[in-house]
Amino acid sequence: MSAVAVAVGSPDIVLSYVWAGIIAFAVFGYIAMDGFDLGIGMLFALFTTEQDRTHVMNSIAPMWDGNETWLVLGGGALMAVFPLAYAVLIPALYTPLIAMLIGLIFRGVAFEFRWRTHRGKPYWDAGFCLGSTLAAFMQGVALGAVLQGIHVQGRHYAGGWWDWVSPFSVLTGLSLMAGYATLGAGWLILKTEGELQQRAYRIARGCGIALFIGMVAVSTATPFLQNRYYQRWFAWPTVFATAQVPLLVAIVTALFFYGLHRRWQRAPFLLTVALFVLAYLGLGISIYPYLVPESITIRAAAAPAASQLFLLIGTAVLVPIILCYTGYAYWVFRGKVGAEGYH
Amino acid sequence: MPGVDAVLLARAQWAFTMGFHIVFPVISIGLASYLAVLEGLWLTTGQEVYLNLYKYWIKIFSVTFGMGVVSGLVMSYQFGSNWSVFADKAGPIVGPLMAYEVLTAFFLESGFLGVMLFGLKRVGPRLHFIATLAVALGTLLSAFWILSANSWMQTPAGFAINAAGQFVPRSWLHIVFNPSFPYRLVHMVLASYLSTALIVGGVAAWHLLCHRETAEVRRMFSMALWMATLLAPLQIIAGDQHGLNTLKYQPVKIMGVEGHYRSYPHGAPLVLVGIPEQRAGRMRDALEIPKLGSLILEHRLDAPLAGLDSVPRQDWPYVPVIFWTFRIMVGLAFAMLALGLASLALRLRGRLYVHRGLQRAALVMAPTGLIAVIAGWFTTEVGRQPYTVYHLLRTAQSASPIAAPAVISSLATFAVVYFVVFGAGVMFVLRLMRRPPHPGEVPPFEGAPHRSAGITPAPAVHPDRTLHTHAPAQSAPRPQEPVP
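Residues numbered from 1 in each chain as written. Chains lettered and ligands numbered in written order. Predicted model: local features only at pLDDT ≥ 70, side-chain atom pairs only at ≥ 80, totals over all residues.

## With respect to the overall build of chain B
Stated precisely, the cut-off is as follows: To qualify as a helix, a DSSP run of H or I must reach at least 4 residues; to qualify as a strand, a run of E must reach at least 2; elements of each kind are numbered from the N terminus. Residues with at least 20 neighbouring C-beta atoms inside 10 Å of their own are called buried, those with 12 or fewer are called exposed, and the rest are partly exposed, where every C-beta is derived from the backbone. Our contact criterion uses C-beta atoms placed from the backbone: two residues qualify when those atoms are within 7 Å.
Scanning chain B for helices and strands turns up 14 helices and six strands. Within chain B, the proportion of its 484 residues that are buried is 54%. The long-range share in chain B, meaning contacts at least 24 apart out of those at least 6 apart in sequence, stands at 75%.

## Quick word on helix α9 (residues 194-221) of chain A
Since the α-helix advances by 3.6 residues per turn, residues separated by three or four positions end up pointing in the same direction. Residue and element names in this part refer to chain A. To keep things clear, this is the line we draw: Helix span is expected to be 1.5 Å times the residue number reduced by one.
Over its 28 residues, α9 extends 41 Å from the first C-alpha to the last, a length consistent with the 40 Å expected when each residue adds 1.5 Å. Buried within α9 are the following residues: L196, A200, I203, A204, C207, G208, L211, F212, G214, M215 and V218. On its buried face, α9 sits against α2 (13-43), α3 (50-58), α8 (167-191), α12 (244-261) and α13 (267-287).

## Describing the pairing of strand β3 (residues 270-277) of chain B
All names here are of chain B. This is how the line gets drawn: If DSSP finds at least two bridges between two strands, the strands pair.
Bridging between β3 and strand β4 (residues 282-289) involves six bridges; their strand directions are antiparallel. Residue pairing for β4: P276 is matched across the bridge by M283. A loop of four residues connects β3 with β4, the two strands running antiparallel in sequence, and G281 in this loop sits at a positive phi of about 70°.

## Re the confidence of the model for chain A
All names here are of chain A. Operational definition: Confidence scores per residue from the predictor, reported as pLDDT, run from 0 to 100.
Confidence in the prediction of chain A, expressed as mean pLDDT, is 86, and 96% of residues score 70 or more. Summarising per-element confidence for chain A, the mean pLDDT is lowest in helix α1 (residues 3-8) (42) and highest in α8 (93). Taken as a whole, residues 1-8 scores under 50 in pLDDT and shows 11 contacts with residues more than four places along the chain or in a different chain.

## What about helix α6 (residues 94-113) of chain A?
Taking 1.5 Å of rise per residue, the 20 residues of α6 of chain A would be expected to cover 28 Å, and the 28 Å separating its terminal C-alpha atoms lies within 8% of that figure. By the criterion of burial, α6 of chain A is predominantly enclosed, with 20 of the 20 residues buried.

## Structural notes on the nonpolar core
Here is the rule: Take the buried Ala, Val, Leu, Ile, Met, Phe, Trp, Tyr and Cys residues, join any whose C-beta atoms are within 7 Å, and the set you get is a nonpolar core.
Core analysis: the largest hydrophobic core is formed by 262 residues, its most contacted members being F82, A85 and L101 of chain A together with L35, W57, L194 and A228 of chain B. For this core, the element with the highest residue contribution is helix α3 (residues 84-118) of chain B, accounting for 21 residues. Leaving out residues up to four positions away in the same chain, L101 of chain A has contacts with L73, V74 and Y77 of chain B.

## Some thoughts on the interface of chain B and chain A
Filter applied, for reference: Polarity classes work like this: nonpolar for Ala, Val, Leu, Ile, Met, Phe, Trp, Tyr, Cys and Pro, charged for Asp, Glu, Lys and Arg, and polar for all others, with Gly in that last group.
Contacts between the two partners involve 71 residues from chain B and, on the opposite side, 71 residues from chain A. Elements supplying a minimum of two residues to the side of chain B that touches chain A: α2 (48-81), α3, α4 (120-154), β2 (167-169), α13 (404-434) and α14 (448-453) of chain B. Top contributing element to the side of chain B that touches chain A by residue count: α3 of chain B, with 22 residues. Classifying every residue of the side of chain B that touches chain A gives 42 nonpolar, 21 polar and eight charged.

## Here we look at the environment of A303 of chain B
Residues and elements named next belong to chain B. Mapping A303 onto the fold places it in the loop between α9 (292-298) and α10 (319-348). Looking at A303, the number of C-beta atoms within 10 Å reads 17, which means it is partly exposed. A sequence separation of 128 residues divides A303 from I175, and the C-alpha atoms of the two residues are 32 Å apart. Dropping the residues within four chain positions of it, A303 is found in contact with G267, S294 and E298.

## With respect to the confidence of the model for chain B
Residues and elements named next belong to chain B. Averaged over chain B, the pLDDT score is 86; the fraction of residues at 70 or greater is 91%. Per-element confidence in chain B is highest for helix α6 (residues 181-209), whose mean pLDDT is 95, and lowest for α14, whose mean pLDDT is 33. Predicted confidence for residues 447-484 stays below pLDDT 50, and this span has 53 contacts to residues more than four positions away or in other chains. Interface confidence for the predicted complex, expressed as ipTM, amounts to 0.85; the pTM equals 0.87.

## Overview of unusual backbone geometry
The peptide bond linking Y288 of chain A to P289 of chain A adopts the cis configuration, its omega dihedral lying at 0°. With respect to the helices and strands, P289 of chain A occurs in the loop between α13 and β3 (290-292). Cis rather than trans, the peptide bond between Q385 of chain B and P386 of chain B has omega equal to 5°. The residue P386 of chain B is located in the loop between α12 (368-382) and β5 (387-389) in this model. The residue R263 of chain A is not glycine, and still its phi comes out positive at about 60°. The topology assignment puts R263 of chain A in the loop between α12 and α13. The class of R263 of chain A is partly exposed, set by 13 C-beta atoms lying within 10 Å.

## Structural notes on the environment of N245 of chain B
Residue and element names in this part refer to chain B. On the secondary structure map, N245 appears in helix α7 (residues 215-249). N245 sits in the buried class, given 20 other C-beta atoms within 10 Å. As for N245 and S110, which are separated by 135 residues in sequence, their C-alpha atoms are 35 Å apart. If we skip the residues at most four places from it in the chain, N245 touches P179, S180 and Y183.

## Considerations on the packing of α10 of chain B against helix α11 (residues 356-365) of chain B
Residue and element names in this part refer to chain B. Our working definition: Lines fitted to the C-alpha atoms define the axes, with helices restricted to the stretch that makes contact. Angles between their N-to-C directions range from 0 to 180 degrees. By the definition adopted for this analysis, an angle is roughly parallel if under 35 degrees, roughly antiparallel if over 145, roughly perpendicular if from 65 to 115, and oblique otherwise. In a left-handed crossing the near helix is turned counterclockwise from the far helix by less than a right angle, and in a right-handed crossing that turn is clockwise.
Relative orientation of the contacting elements α10 and α11 amounts to 150°, with a least axis distance of 11 Å. With respect to α11, the element α10 is oriented roughly antiparallel. Crossing angle aside, the handedness with which α10 passes α11 is left-handed. Facing A335, M336, L339, A342, S343 and L346 of α10, the residues of α11 in contact are L358, A361, A362 and M365.

## Here's the deal with the packing of helix α4 (residues 64-81) of chain A against α2 of chain B
At a minimum axis separation of 10 Å, α4 of chain A and α2 of chain B run at an interaxial angle of 20°. One element, α4 of chain A, and the other, α2 of chain B, form an angle in the roughly parallel class. Read as a crossing pair, α4 of chain A and α2 of chain B show a hand that is left-handed. Contact with α4 of chain A, carried on its side by D65, V72, G75, G76 and M79 of chain A, involves V69, L73, S76, Y77, F79 and G80 of chain B of α2 of chain B and no other residues of that element.

## Digging into the environment of L291 of chain A
Residues and elements named next belong to chain A. Note on placement: L291 falls in strand β3. Separated by 31 residues in the primary sequence, L291 and I322 place their C-alpha atoms 26 Å from one another. Apart from the residues within four sequence positions on either side, L291 is in contact with F82, A85, I296, T297, I298 and A301.

What follows is the structure, encoded as structure tokens:
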């Protein structure tokens, strides 16, 4: 990569696209991994006996913290390599992000706190469930708010602190909730057995239906938000390429319900992840090449090459190592979880 | 002026959330290293007492670590929510440092924390020890990067400014190892160890005072006071060196800390106490020792020292805060030194575990490390004002274009949530501390459902399920793999 660009501290186009890819990967890593444990948090209310709750909680207790670290990486790396996008997006999403953080606080401490108190346990259980729900909903709302466009002037967000509210952002919020709940149910199918697993199958079916309706609704509404989205999806002849996405969604969804019916154990979780991949791809098709739709492109937001290169070296070395030991941690806690958890 | 209010509120929000957050990493850094030492001693000596201490403190560690994670998540997004102009301008430099913190430290901590908390039976003691070491290393790496970023804001180096007004990197070596970084890193890591030692010592002292004198209590009392004896003097030296570094690179901050509103061409006094009057620009009712200020800072009695009257008023830090926070920190440091020396004297006379006065002192001193840390951070951060990046970017020009009502709403929300959540967390920690560590200590979550249901005392459930199994993980029947 250009040593000249490094020296003068200006952006480098190749580096910027590499980074856009890495951040997309980190955000997806977050969605897939924290998605299932947020989903389990939401489903927590459906399990009322102490034994079931212990089962359910233990199935994610060793992983949730690692999963959430991808969210910190997404925020940190965005500030490092696309500071302008970070400086515009975070103030624009001020309220939903703070609500999400509050939700994540209650959700995160519940893993510790619920074991430490008798009297307070129902409250921390409620905090776990409501916190997970709030975080999931607000992440979806944030996505909808970005998609529908935010008001930018110069290098600043220029809108108000309630601009994010719209029927569309509420719809994306609810859809993401359904998606996370489906992931969570799929994870429970993987990690449990017997009666609890049978319940997880039934829950996965309900959540899967909600997810499918949500995906159809969001996909239908998105092209009409901005003319460019419409062009991107329906222009001739690229429509043949873009049409593959909904087609694949239909196939994967059908397989998902068939798998539930046949009581496949791994497939429901993996197929839900596949649905998330497709939805994510669709999102990319709509937004590319912008980071902030219609106002700030990947190029415009890029930090100087010296910043991007410095962090890229570390990322190239460290992320494979991180994936190795994260994989190791998952492997240590592989298999079905009992009421005594992993202890 | 509404703009000023929003900035002040954003600062209040930062100070509030940071004041809560900083306590947890300090304890995490200290306890993670302590746990690594305990597990290492258990593995090498085979003494049960170390294992029991390990199992006792890991429970407290896991609660404080969890609180550190969630309060830290709030900090990482606050750069954007309340300080977006700072994020845009300093992002190319501060951003990569913080991203390195995530990559090298947070993943390491969270990746191995699960194994550390739940995995001993599954992986065996040796691999488990590696997990403990990984978590301890992670906490130290985290301190490395975040202090590098913070120090760069205090003493920026290795950068240029581009057309968009952004700070852009020229030399990462100079950025990471900026002039105040080594001093701040040493000072902070020592502070973490010392604060943790004081907490451990305070808990032990309380149990000794209450006549719950298990071997574990005695051992941790002794270990903690060794740390106080050794680290308190080291910390005072490190703090002095840090202060001299600040004098060189941020002399205006030192003027504020010393209460030197006016210049002293023929040797400055050391102001012990007094009432700083910021508006009038003078100290009222000051109790001073002549020439001692110059002696400490310049090592000469008659060395001239410039005061704030040599600096434009709009560049002054707010003296009434930093004057006092600095004195709180230094006063506590000398109290810690006294505790360490007293414990050494009693230890040499064989009265370490019997002297009630020492135990009472250790109990009173338990929270002082954390108080000193918060006071120290107020000194260095308020002392950096009115800038976010020293001399280059003003705080007033760093804030987000967010209306004051939004900032005050989020501040109020954080205040309520933090008091409820972290108040409960601190209560749980105190509840764990109320019980002394004892033989047959139970690891965290061991039989949690059984214990809470009150059916069986957990250690009696399965002898093979306590932490001190040496059986390799594979000997346990493997859970069935899911089959599609």
